[in-house]
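# Coordinate inspection notes
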Amino acid sequence: MPTSYRYNPDTGTIDLGGHHVATTKKYRDVQANGWAAFVVDDLPSIDPWTPRMLEIRGRAETVATGGRGLRPGFGEPFIRLHPLRINSFGIE
């Protein structure tokens, strides 16, 4: 599911959000089990075909307030992902 994100250097986390993130299945799943995965896919060129991908998995928490101050596109609630495992493809 598309989402807004940003790296938070103060906490070493990836903050995930959107205008209505608190109504999503991902938000409810994080509340229920405390884990999340986040994937960024990119195709910088189709000639030659050069796909790349970054997957981040880890412990996650829902945060009820403060999202609007993080970046445009965030509502108040957001998800904070604490990276534990990072996989990549096509990224040097």
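Now for a description of the structure that goes with this document.

Reading the values: the criteria
One numbering rule holds for all chains: residues counted from 1, following each sequence as written. Local features in this predicted model are restricted to residues of pLDDT 70 or higher, and side-chain atom pairs are both shown and tallied only at a pLDDT of 80 or more, whereas totals for entire chains, interfaces and linings draw on every residue. Hydrogens and waters are ignored; side-chain quantities use all the structure's heavy atoms. By the criteria applied, helices consist of DSSP H or I runs no shorter than four residues and strands consist of E runs no shorter than two, each listed in order from the N terminus. Note on exposure labels: buried denotes an accessible area under 20% of the residue type's maximum, exposed denotes more than 50%, and partly exposed covers the range between, all computed with a 1.4 Å probe on protein chains only. The contact criterion used throughout is that any non-hydrogen atoms of two residues lie within 4.5 Å. Here the Shrake-Rupley method, with its probe set to 1.4 Å, supplies the accessible areas, and only the displayed protein chains count as covering residues. In plain words, nonpolar cores are sets of buried Ala, Val, Leu, Ile, Met, Phe, Trp, Tyr and Cys residues tied together by side-chain atoms within 4.5 Å. Salt bridges are defined as contacts in which a side-chain nitrogen from Lys or Arg sits within 4 Å of a carboxyl oxygen from Asp or Glu. Should DSSP find at least two bridges between two strands, the strands are taken to pair.

### Some words on the overall build of the protein
Helix and strand content of the protein: 1 helix and 5 strands. Listed N to C, the secondary structure of the protein is β-β-α-β-β-β in terms of helices and strands. Counting across all 92 residues of the protein, residues that qualify as buried make up 30%. Look at the contacts in the protein between residues 6 or more apart in sequence, and 55% of them connect residues 24 or more apart. About 6100 Å² of surface is accessible on the protein, with carbon and sulfur atoms providing 55% of the total.

### Section: the environment of Arg-85
Looking at the secondary structure, you find Arg-85 in strand β5 (residues 78-89). Assessed through its relative accessible area of 51%, Arg-85 is described here as exposed. Distance in space between the C-alpha atoms of Arg-85 and Glu-55 is 8.1 Å, their sequence separation being 30 residues. Look past the residues within four positions of Arg-85 in its chain and what remains in contact with it is Glu-55, Ile-56 and Arg-57.

### Describing the nonpolar core
Generally speaking, a soluble globular protein has its nonpolar side chains buried in company with each other. One finds Ile-14, Leu-16, Val-21, Tyr-27, Val-30, Ala-36, Phe-38, Ile-56, Ala-60, Ile-79 and Leu-81 forming the largest nonpolar core, which totals 11 residues. Those elements giving two or more residues to this core turn out to be β2 (13-17), α1 (25-33), β3 (35-42), β4 (52-63) and β5.

### Comments concerning the pattern of salt bridges
This structure, assessed with the given rule, holds 6 salt bridges. A salt bridge links Asp-15 to Arg-80; the nearest nitrogen and oxygen atoms lie 2.9 Å apart. Here Arg-80 lies in strand β5 and Asp-15 lies in strand β2, a separation of 65 residues in the sequence. The closest approach of N and O atoms between Arg-57 and Glu-55, which form a salt bridge, is 3.1 Å. For Glu-55, a relative accessible area of 15% corresponds to the buried category. Three or more residues are tied together by salt bridges with common partners; here these are Arg-6, Asp-15 and Arg-80.

### Here we look at the pairing of β5
The pairing of β2 with β5 spans 3 bridges and is antiparallel. In the sheet register, Leu-16 faces β5, and the bridge partner there is Ile-79. When β4 meets β5, the two strands line up antiparallel, connected through 11 bridges. Residue pairing for β5: Leu-54 is matched across the bridge by Ser-88.

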